[in-house]
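Observations on chain architecture
Listed here are the chains, written in short residue letters.
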Amino acid sequence: MLETLTHPDLLRTQNFIAGRWQAAQGDALLDVIDPATLETVARVADSGAADAQAAADAAHEAFAAWRGRSGRERAQLLKRWHALILEHREDLARIISCEQGKPLAEARGEVLYGASYVEWFAEEATRTHGDIIPEPARGKKLMAVKEPVGVVAAITPWNFPLAMIARKLAPALAAGCTVVAKPAEDTPLTAAALVKLAEDAGFPAGTINLVCASRERTPEVVDTWLADPRVRKITFTGSTPVGKHLARESAGTLKKLSLELGGNAPFIVFDDADLDAAVEGLMVSKFRNGGQTCVCPNRVFVQAAVHDSFLDKLATRVAALQVGPASAETSQIGPMINQRAVDKIERHVGDALERGAHVVVGGRRVPAAETGTPGHYYAPTVLAGADATMALAQEETFGPVVPVFRFETEDEAVALANDTPFGLAAYFYTRDAARIWRVADRLETGIVGINEGALAAEAAPFGGVKESGYGREGSRHGLEDYMHVKYLCQGGLR
Ligand code: SIN
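All of the points below concern the structure found in this document. (Residues numbered from 1 in each chain as written. Predicted model: local features only at pLDDT ≥ 70, side-chain atom pairs only at ≥ 80, totals over all residues. Heavy atoms only, no water.)

Take the overall build of the chain next. The helix and strand inventory of the chain stands at 16 helices and 24 strands. Across the 494 residues in the chain, those meeting the buried criterion constitute 57%. In the chain, the share of contacts with a sequence separation of at least 24, taken over all contacts with a separation of at least 6, comes to 74%. When the accessible surface of the chain is split by element, carbon and sulfur atoms take 52% of a total near 18,800 Å². (Helix = DSSP H or I, 4+ residues; strand = E, 2+ residues; numbered from the N terminus. Buried < 20%, exposed > 50% of the residue type's maximum accessible area, 1.4 Å probe, protein only. Contact = heavy atoms within 4.5 Å. Areas by Shrake-Rupley, 256 points an atom, 1.4 Å probe, with all protein chains shown as cover.)

Another aspect to go through is helix α6 (residues 188-201). Look at α6: 20 Å from first C-alpha to last across 14 residues, which is about the 20 Å you get at 1.5 Å a residue. The element α6 is extensively covered by neighbouring structure, given that 12 of its 14 residues are classed as buried. Those residues of α6 lying buried are Pro-188, Leu-189, Thr-190, Ala-191, Ala-192, Ala-193, Leu-194, Val-195, Lys-196, Leu-197, Ala-198 and Ala-201. Directly after α6, the chain includes Gly-202, whose backbone phi takes a positive value near 105°. (Expected span 1.5 Å × (residues − 1).)

Moving on to the environment of Gly-324. Checked against the element boundaries, Gly-324 lands in the loop between α10 (304-319) and α11 (339-354). Gly-324 gets classed as buried once you look at its relative accessible area, which sits at 2%. Residue contacts for Gly-324: discarding those within four places in its chain leaves Ser-331, Ile-333, Gly-334, Pro-335, Thr-371 and Tyr-377.

Not every one of the 13 residues close to the ligand is listed here, only the nearest: Tyr-113, Arg-167, Glu-260, Arg-288 and Cys-294. The separation between an oxygen atom of the ligand and a polar side-chain atom of Arg-288 is 2.9 Å. Along the lines of polarity and charge, the residues of the shell around the ligand split into seven nonpolar, three polar and three charged. (Near = heavy atom within 4 Å. Polar contact = N/O pair within 3.5 Å; in protein donor to acceptor, adjacent residues only side chain to side chain. Nonpolar A, V, L, I, M, F, W, Y, C, P; charged D, E, K, R; others polar.)

Strand order in the open sheet formed by three strands is β5-β6-β24, and the pairing between neighbours is antiparallel. A single partner strand is all that each edge strand has here, and the edge strands are β5 (131-133) and β24 (483-490). Averaged over all pairs of adjacent strands, the angle between their axes in this sheet comes to 25°, without regard to strand direction. (Pairing = 2+ DSSP bridges. Axes fitted to C-alpha atoms, helices over the stretch in contact; angles between N-to-C directions.)

Moving on: the packing of helix α3 (residues 89-100) against helix α4 (residues 104-124). Viewed as axis vectors pointing N to C, α3 and α4 meet at an angle of 120°, and their least axial separation amounts to 8 Å. For the element pair α3 / α4, the angle class is oblique. Read as a crossing pair, α3 and α4 show a hand that is right-handed. Taking contact as the criterion, the partners of Arg-89, Glu-90, Leu-92, Ala-93, Arg-94, Ile-96 and Ser-97 in α3 are, on α4, Leu-104, Ala-107, Arg-108, Glu-110, Val-111 and Leu-112. Across the contact of α3 with α4, the residue classes break down as seven nonpolar, one polar and five charged. (Parallel < 35°, antiparallel > 145°, perpendicular 65-115°, else oblique. Left-handed = near helix turned anticlockwise from the far one by under 90°.)

The sheet built from seven strands is open, its strands ordered β14-β17-β18-β13-β12-β20-β21 with mixed pairing. Lying at the two open borders of the sheet, with one neighbouring strand each, are β14 (358-361) and β21 (447-450). Strand after strand, the sheet turns through a mean of 25° between neighbouring axes, direction not considered. Where strand β12 (residues 265-269) lies against strand β13 (residues 297-303), five bridges are found, and the strand directions are parallel.

Below, the discussion takes up the packing of aromatic side chains. Scanning the model with the defined rule gives 10 aromatic pairs in all. Ring geometry for Trp-66 against Phe-203: centres 5.7 Å apart, planes inclined by 55°, an arrangement best described as tilted. Remark: Phe-203 occurs in the loop between α6 and β9 (208-210) and Trp-66 occurs in helix α1 (residues 49-68); sequence separation between them is 137 residues. For the ring pair Trp-158 and Phe-398, a centre distance of 5.8 Å and an interplane angle of 90° mean the geometry is edge-to-face. Note that Trp-158 is positioned in the loop between β7 (151-155) and α5 (163-175) and Phe-398 in the loop between α13 (391-394) and β18 (401-407), a separation of 240 residues in sequence. Given a relative accessible area of 16%, Phe-398 falls into the buried group. Through pairs of rings, three or more aromatic residues link up here, namely Trp-66, Trp-81 and Phe-203. The positively charged end of Arg-435 is found above the aromatic ring belonging to Phe-270, 4.2 Å away from the centroid. (Phe/Tyr/Trp six-rings, centres within 6.5 Å; stacked < 30°, edge-to-face > 60°. Lys NZ or Arg CZ within 6 Å of the ring centre and 35° of its normal.)

Tracing the chain through its elements places Thr-207 in the loop between α6 and β9. Its relative accessible area of 0% is what places Thr-207 among the buried residues. Residues within four places of Thr-207 in sequence aside, it is in contact with Ala-62, Trp-66, Leu-173, Thr-178 and Val-179.

This part takes up the pairing of strand β4 (residues 40-45). As judged from the five bridges shared by strand β3 (residues 29-33) and β4, these two strands associate in the antiparallel manner. Residue Ile-33 lies in a different strand from β4, and its bridge partner there is Thr-40. Here β3 hands over to β4 after six residues, with Leu-38 in that stretch at a positive phi of 65°.

What follows concerns the pairing of strand β20 (residues 425-429). The element β20 is extensively covered by neighbouring structure, given that five of its five residues are classed as buried. What you see with β20 is no split at all: Ala-425, Tyr-427 and Tyr-429 on one side and Ala-426 and Phe-428 on the other are buried throughout. When β12 meets β20, the two strands line up parallel, connected through three bridges. Bridging from a neighbouring strand, Phe-267 pairs with Tyr-427 of β20. As paired elements, β20 and β21 share four bridges and run parallel to each other. Along β21, the bridge assignment pairs Ala-426 with Val-448. The parallel pair β20 and β21 is bridged by helix α15 (residues 433-442), and the resulting crossover is right-handed. (Right-handed = clockwise from strand over helix to strand, strands pointing away.)

Structure, rendered in structure tokens:
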């Protein structure tokens with residue numbers, strides 16, 4: 001798929017540090033695999049502590065000048081970057097699909113989604129207002145101003161290789177921070193292409209630095225940034241255990257943190273819901289990126305009176321999904337990212353079946369004979385008879401599996417939904433206005449979809465509570481996460 005790029009120079013395999021593309025010290029390389037064909041499509045820099053250090057030096061060096069620019073100047077560069085992303089949208093989508101596996105239509109959507117954060121934060125860069133505070137004593141003027149926190153380390157996931165780095169870098173840069181970034185080892189090419197476009201947009205050397213690393217060498221890179229007192233913030237999207245590690249290890253230098261961690265989203269269908277709308281909402285939210293999405297429903301609770309009709313409607317829709325490689329425009333579910341991912345799905349389905357669930361649709365790997373490529377495909381699956389003892393009720397499956405649980409009362413549904421240490425997203429469908437506010441109020445999550453499955457938007461605050469982390473991305477809150485408040489008090493005015 002990469003052979004078809006209109007601008008092959010978007011394909012970068014080196015680190016970008018201090019405005020220069022450069023090999024990792026020691027010239028180590030990491031293979032990038034197409035998860036559909038399992039072929040190596042590129043070899044990128046596999047970096048270690050020295051590269052991470054060089055990136056932090058460059059970001060630190062660039063910080064004073066970057067924060068010294070006006071919000072409008074920073075906005076202009078972000079707008080130029082946004083325009084270049086749109087201009088290269090088809091190439092970017094192909095790079096995403098090639099290394100991440102999602103169908104091309106979804107990859108095209110992801111480019112627009114990621115670009116929307118760049119545009120939004122370009123606009124917000126000019127609105128970092130503070131406060132004039134009425135003076136508590138005469139002869140004083142009190143003011144609170146917003147300042148960029150400093151150098152930011154952005155550690156980004158493979159599931160949305162463009163959108164996630166865009167929604168971290170754009171607010172950081174808008175706020176006046178400089179950045180060191182490390183993309184997931186599975187998907188470094190998209191991040192590098194995005195950084196190449198930032199270079200073309202004219203961001204000053206050292207403002208954005210990119211360091212790629214394999215899973216084995218990632219701790220060297222991240223530990224270097226964790227230990228560096230000049231790195232003032234870590235922003236991370238990924239698993240809860242890694243988020244906790246970052247929180248512990250950054251305590252030594254008391255960094256600011258934004259942690260967008262694992263979810264275990266409940267999706268509740270009450271017996272007064274519009275069932276067709278609920279099925280549609282579930283299809284949109286569950287099967288986005290083949291179920292490899294932190295906010296996608298992991299547990300579907302259906303009230304007893306509508307359980308069977310909902311299950312029938314859902315099964316018909318799921319059975320019709322097309323599984324295949326991104327290179328086939330008809331594919332709706334691509335391969336899972338790697339072997340570990342498909343092993344976890346199999347473990348969850350196997351455990352659920354042993355504990356009494358049964359397969360309504362799917363429940364198997366999809367062989368190469370059906371897709372034409374040897375990738376790690378798993379069939380879109382519906383399981384009935386799920387209960388809270390199953391592994392899939394406790395952990396995020398991160399695959400195209402819908403376990404359906406039956407419930408009787410509203411209280412029971414809310415208790416089941418909240419019975420998890422995670423609290424990222426929740427969804428529910430009902431036509432009862434009073435129930436809408438009751439249930440929305442009681443759900444312990446940072447995001448709630450009410451009669452809606454598509455929640456993501458650059459203007460909305462994205463983030464969790466409980467062990468799904470803290471901090472918000474997108475919206476005006478997403479900018480504040482990269483700033484701190486400085487209080488100024490001038491006296492002697494009488
Ligand atoms: C994620 O899965 O981490 C992000 C999904 C989104 O932005 O909707």
